[in-house]
Amino acid sequence: MALPTLYLSPHLHNFQNAKVLVALEYGRSKVRLVEIRGPASGDTQSQQAVPRLPALETESKLCVHGATAVAQYLAPERMRGAGRKEAALVQQWVSFADSELVPPACAWVFPVLGLLKHNKKAVDRAQLDLKKILQFLDDHLKLRTYLVGEGITLADIAVACSLLLPYKHVFEPDFRKPYVNVNRWFLTCVNQAEFTRALGAVRLCEKIVPVTTEKCTGQQQQPEEQNALSPGVSPQVEEVPAKKTPAQLKKEALKREKMEKFLQKQDKLKEQQQRQPEKKAKMEKKEKKDLGVITYDIPTAPGEKKDVSCPMPDSYSPQYVEAAWYPWWEKQGFFKPEYKRKISEPNPKGMFMICIPPPNVTGSLHLGHALTNAIQDSLTRWHRMRGATTLWNPGCDHAGIATQVVVEKRLWRQSRRTRHDLGRQSFIEEVWKWKNEKGDRIYHQLRKLGSSLDWDRACFTMDPKLSQAVEEAFIRLHDEGVIYRSTRLVNWSCTLNSAISDIEVDKKELTGRTLLPVPNYAEKVEFGVLVSFAYKIEGSDEEVVVATTRIETMLGDTAVAVHPQDPRYQNLKGKFVMHPFCHRKMAVVFDEFVDMNFGTGAVKITPAHDQNDYEVGLRHGLEFISIMDDNGYLINVPEPFLGMKRFDARKAVLEALIQKGLFKEVKDNPMVVPVCSRSKDIVEPLLKPQWYVRCGEMAKMAADAVRNGELKIIPETHLKTWFNWMDNIRDWCISRQLWWGHRTPAYFVTVNDPSVPAGEDADGSYWVSGQTEEVARQKAAEKFNVSPDQISLRQDEDVLDTWFSSGLFPFSIFGWPNQTEDLKAFYPGTLLETGHDILFFWVARMVMLGLKLTGQLPFKEVYLHAIVRDAHGRKMSKSLGNVIDPLDVIFGITLEGLHTQLLDSNLDPVEIERAKAGQKSDYPAGIPECGTDALRFALCAYTSQGRDINLDVNRILGYRHFCNKLWNATKFAIRGLGENFRPDQAVQGAAAGSLIDRWILSRLAHAVELCNRGFQQYDFPGVTTAIYNFWLYELCDVYLECLKPVFGGSDEEAACVARNVLYTCLDVALRLLSPFMPFVTEELYQRLPRRSAQDPPSITVSPYPECEESCWRDEELDRNVESVMSIVRAIRSLRADYNLTKTKADCYLTCSDDATATLVNTFSSYIQTLSSSKSVSALVGEECPPGCAMAIASDRCTVHLMLKGLIDAEKEVAKLRNKEGEVRKQIVKLREKISKPDYRNKVPQKIQEMDAEKLKQFETELQKVEEGIGTFEKMI
């Protein structure tokens, strides 16, 4: 059979071809390709008209013309949109690409490619249109991966192919930089395998390079070729005239001449570069040295102190700095609360105890965990340095479902066996084996993050000590009736065969008909539709129409509900409807939960499979019929549905309703589908006998604790959520149908006595709890008043919800219920710090169980940090490729390394490709090595109470550069202090020093005040900003520069004072920074001399600077130096304007009054040093010499910089005259545009605002140019 024939234009830049070829790759159709060049090129073999290309001739000789039509024909059905609504959206985007995007794209790109003559007006208009379009796309893609739905559709193909040429040829980095979401989406598309096969690798434009061809210089483009390139574009681009005037030809000749000169210049530059290979090699070597890795190679046994006697490396390197310190800290016991004190003795400086939110043992930490860690460790280190008895307790959670799923997959992959093949005990042994092999990765990460945890107290929630606490808690609560057994609806995963908690249910929002993959189903299952069908009224021809999104559940219907006030159904009181398949009479009940305005106002009631229906069933005493077993197969239903899988039954029930004439309609319906986060199965509400915790009384106690101020929640924005949950709490299901976890210490009782009736599983009165079977047997014998030998027991197979053991964590880690020394010393704790997303699931339950079981709150304060998102504001998701291991930021990783990690995950192939595309977009060169200190500091600097964090890795890299600044500053300072320097025993006071000495101590005192206040208020950005500003802008930029002439001068007394002040600044500032950057501060601290032999051995246990010890604040001096710095900045600005990079100039400062002149004279030496001036003179009421450039420093001081003799004034005037002419032309052009009569009405408001801003900028620029001309003319 003949293959379909696809006719294409052969032109290199035809993006209409691209759209068709990509669709062809997705459709995987086999076709015969034919290139049509058109009659103008001598091609007369085909009847296909060039303007209608691309075209497809099918096997039946049917012809499809045009890129859009051919692409839709070739693409698979799924790419046209799932459902009518999605299909309509896809079509809208395709039309948008053709009508709105293609014309401006061609108008800008084609002149660059030499396909059209350059027309500035048309190009400017095209650029403006594209900016508007890109901004619109960027907003649309902010929270979306693709334009429509969850995968690539024809919409993405059409729009991406329309942007292909602009991205390749004209979208330079600066132009595309603002549109981060469009860039991410475009790269995601073009890096798909299908795009790559069709288009090859797409390289983004780095610089616009015009193509010089004959078409650019006068040859008219053939209309056939132009239309093949861009059908319908020609009206948007002005036609090229056939003949040119002499003036036009002259202009084009000049352009060619300019281009030739440019190319000659480029060739010359290349030759020069080739002649200087050594210089280039040196530059490369220097650059490599700056960014390279320096390692610590001195042999140091683990736990031994690092050797810092060697010279400091030239630059900061995280690998060098972070080596060897952590094992030494740990061996010295710095992290233990017992360090140099007894925990049983009261500490006048208080106690600080915080427990880690135990991460799941299954995986590894991500950046969200790193944020938690950075905050908790900075707080712990701050309290430890302040002298408090400090404990940060580590631990890991056994993560029942997550761990069991991982081990089951591993078991199947390695031996093709299930847990049932092994049996319960052998499977649990297999899990412990896996835990011992893999479970230490998290602790390794925590150590690499510098976490000052007391590792001797590390806990695992399945350890015997914690398991005993779980058993004790269950038994006590069960004996009190707080834990009880009941049959209720639970979230059920048919794949896991277990109930799951609400936090393990993902809410997938659908806008309409959507096909979703479901485990154990070969084909995707339809969701997002509302099916309407009728129930016949018993004994009449009347019917009631109801609607449902889960048509299969109608087999379990036991009633129809309507609103009591609905006039349409008043005649149905006391009547019944007939079930068409089960021959069951079902009552029509009247209930106010029904929404009269939704659908027909009549609702089917399935009490055993829907939460709302369950409540209705209880209120009206309806029958509860379970129609699904644990695996999702239908039970208690008639043939042919009996034994069907639930979603197979969905189709069968619909077909049966159609046959009976009861089906009414099906339509799109926005809905939320509950998906199990572990198994990706659709969650089913099923009736199951389970163990529940009665929460009402405990929740009231927890809510009251916050209301009366005993428990503080920070920030207070979360109080509303807290009270909403606590005041409307439901009882908590704690049963899980798993093997890994704490097995429920409850036993079902069978009494071997005919006088005692047999019990049922759901009947709580036939259950007893106990630490052992013997204890439970004794309790059962007493309960039923029989001898123990008449009791038979069966322990519950289920395990307890992981959150139950986690809720006991603050006191179970200390050995509760035993009254241990640790429990007495550290319970209740001080603070609970975690993400706000688990406020209810973990925090609330700790508070409730703590109050109930110990009579005390487990902590006094709760600090809830924000959620970490990626740089685009998207939630961290493995399928998006934006979940980052903190170790990859610390050590750096290549893009290939990131891709390799995805292969070890549980993602399916489609998700892996999407994640790879996301990684390639966000980290095209991988992630650079940033180091632990930079990562910790960045995370804390980002943390702002009450909002999420969009984390950009580039900002973390910026803080690595900050570390390098610390390194170089300390290196310079140590050199300035000298080898024989020994600091004074007492901290240097401010009185003895110079002005700048006193000023830096004042700024240091201010930083100390801000840091302590920030820690107390959990204002981490406030602390990091204070430290950053002091080090960078005050110590490095000002004080160290002012010290250079002091250290190089002859005044030894001033130098001695300055050295002691400098030492104080380094010592205090390093201690301020230590909680955030423990490694680099320890490295630098250890290289400083000590004031006395009794000083602490490590910065980790040195005292944190306090305001009482830093009494150097001088606010008047601060204000004076700030005035001086405004003068320095004005001088620096003038030097930059006139390119005086190495030349020093005389500076004259005209002051408005004597006080200002006195200030200037007092600080003149510092001004001269900091501004690199030749001299500084203060003038009051005097004219400064001619030939100066002027700048205003403040309302009291004007800067005049002498330029005469330093620059060629005539040359500068000529340059500025040219600039003046260009700026005036721009102003005239813009004013003409704005003054047009229809401008206000026709031009969009946003464009008008942009034009006004441009005009303002041009006018400001013109003013500066005119001032410059005036200045230089005075020098001529």
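Residues numbered from 1 in each chain as written. Predicted model: local features only at pLDDT ≥ 70, side-chain atom pairs only at ≥ 80, totals over all residues. Heavy atoms only, no water.

Novice: Break down the pairing of strand β1 (residues 5-8) for me, with residues and values.
Specialist: Neither face of β1 is exposed, since Thr-5 and Tyr-7 on one face and Leu-6 and Leu-8 on the opposite face are all buried. In terms of strand pairing, β1 meets strand β2 (residues 32-35) through 4 bridges, oriented parallel. Within β2, the position partnered with Thr-5 by the bridge is Arg-32. (Buried < 20%, exposed > 50% of the residue type's maximum accessible area, 1.4 Å probe, protein only. Helix = DSSP H or I, 4+ residues; strand = E, 2+ residues; numbered from the N terminus. Pairing = 2+ DSSP bridges.)

Novice: Describe helix α22 (residues 646-659), listing the residues and the values that go with them.
Specialist: With 14 residues, α22 should cover 20 Å at 1.5 Å per step; its first-to-last C-alpha distance of 20 Å lies within 8% of that length. Among all positions of α22, only Arg-646, Phe-647, Ala-649, Arg-650, Ala-652, Val-653, Ala-656 and Leu-657 are buried. Residues of α22 that are buried sit in contact with β13 (525-527), β14 (529-537), β20 (663-668) and β22 (684-693). Downstream of α22 by a residue or two, Gly-661 has a phi angle that is positive, lying close to 75 degrees. (Expected span 1.5 Å × (residues − 1). Contact = heavy atoms within 4.5 Å.)

Novice: Go over the packing of helix α3 (residues 83-113) against helix α5 (residues 154-162) with me, naming the residues and quoting the values.
Specialist: Packed helices, taken two at a time, are described by the angle between their axes plus the distance between the axes. As a packed pair, α3 and α5 sit with axes 8 Å apart at the nearest point and diverge in direction by 5 degrees. When the axes of α3 and α5 are compared, the pair comes out roughly parallel. Between α3, through Val-90, Trp-93, Val-94, Ala-97, Leu-101, Val-102 and Ala-105, and α5, the contact on the second element is made entirely by Leu-154, Ala-155, Ala-158, Val-159 and Ser-162. When grouped by side-chain class, the residues that make up the contact of α3 with α5 number 11 nonpolar, 1 polar and no charged. (Axes fitted to C-alpha atoms, helices over the stretch in contact; angles between N-to-C directions. Parallel < 35°, antiparallel > 145°, perpendicular 65-115°, else oblique. Nonpolar A, V, L, I, M, F, W, Y, C, P; charged D, E, K, R; others polar.)

Novice: Could you give an account of the packing of aromatic side chains, naming the residues involved and the relevant values?
Specialist: Geometry of an aromatic ring pair is reported as the spacing of the ring centres plus the angle between the planes. Enumeration according to the criterion identifies 57 aromatic pairs in this entry. On the basis of an interplanar angle of 10 degrees and a centroid distance of 3.9 Å, the ring pair of Tyr-167 and Phe-186 is categorised as stacked. On the criterion of sequence distance, the pair formed by Tyr-167 in helix α6 (residues 164-169) and Phe-186 in helix α8 (residues 180-190) is long-range, its members being 19 residues apart. Residues Tyr-167 and Phe-186 agree in their burial class; the two are buried. On the numbers, 5.2 Å between centres and 80 degrees between planes, the contact of Phe-811 with Trp-816 is edge-to-face. An aromatic cluster of three or more residues is present, and its members are Trp-382, Tyr-863, Phe-937, Tyr-959, Phe-962, Phe-1015, Tyr-1018, Phe-1020, Tyr-1028, Tyr-1033, Phe-1076 and Tyr-1104. Between the NZ or CZ atom of Arg-447 and the centre of the ring of Trp-455, over which it lies, the distance is 4.1 Å. Its end group placed over the ring of Tyr-484, Arg-694 keeps NZ or CZ at 4.1 Å from the ring centre. (Phe/Tyr/Trp six-rings, centres within 6.5 Å; stacked < 30°, edge-to-face > 60°. Lys NZ or Arg CZ within 6 Å of the ring centre and 35° of its normal.)

Novice: Pulling in residues and values, what's your account of the sheet that holds strand β28 (residues 791-795)?
Specialist: Spatial strand order, β27-β26-β28: 3 strands in an open sheet with antiparallel pairing. With partners counted over all chains shown, the strands left at the sheet margins are β27 (767-769) and β28, one partner each. Between one strand axis and the next, the sheet turns through 40 degrees on average, direction left out of account. Note that strand β26 (residues 746-751) and β28 share 5 bridges and pair antiparallel. In the sheet register, Phe-748 faces β28, and the bridge partner there is Arg-794. Those strands touched by helix α20 (residues 464-479) are β26 and β27, and its axis lies near 135 degrees from that of β27. Here helix α25 (residues 773-784) sits on the sheet and contacts β26, β27 and β28; the angle it forms with β28, its principal contact strand, is near 130 degrees.

Novice: Provide a residue-level description of the sheet that holds β2, including the pertinent values.
Specialist: Spatially, β2-β1-β3-β4 is the arrangement adopted by the 4 strands of the open sheet, whose pairing is mixed. The open sheet has two edge strands with one neighbour each: β2 and β4 (63-65). When strand polarity is set aside, the average angle formed by the axes of neighbouring strands in this sheet is 20 degrees. Seen against the sheet, helix α2 (residues 67-74) touches β1, β3 (55-57) and β4 and runs at an angle of roughly 125 degrees to β4.

By themselves, these figures tell us nothing about what the structure is for.
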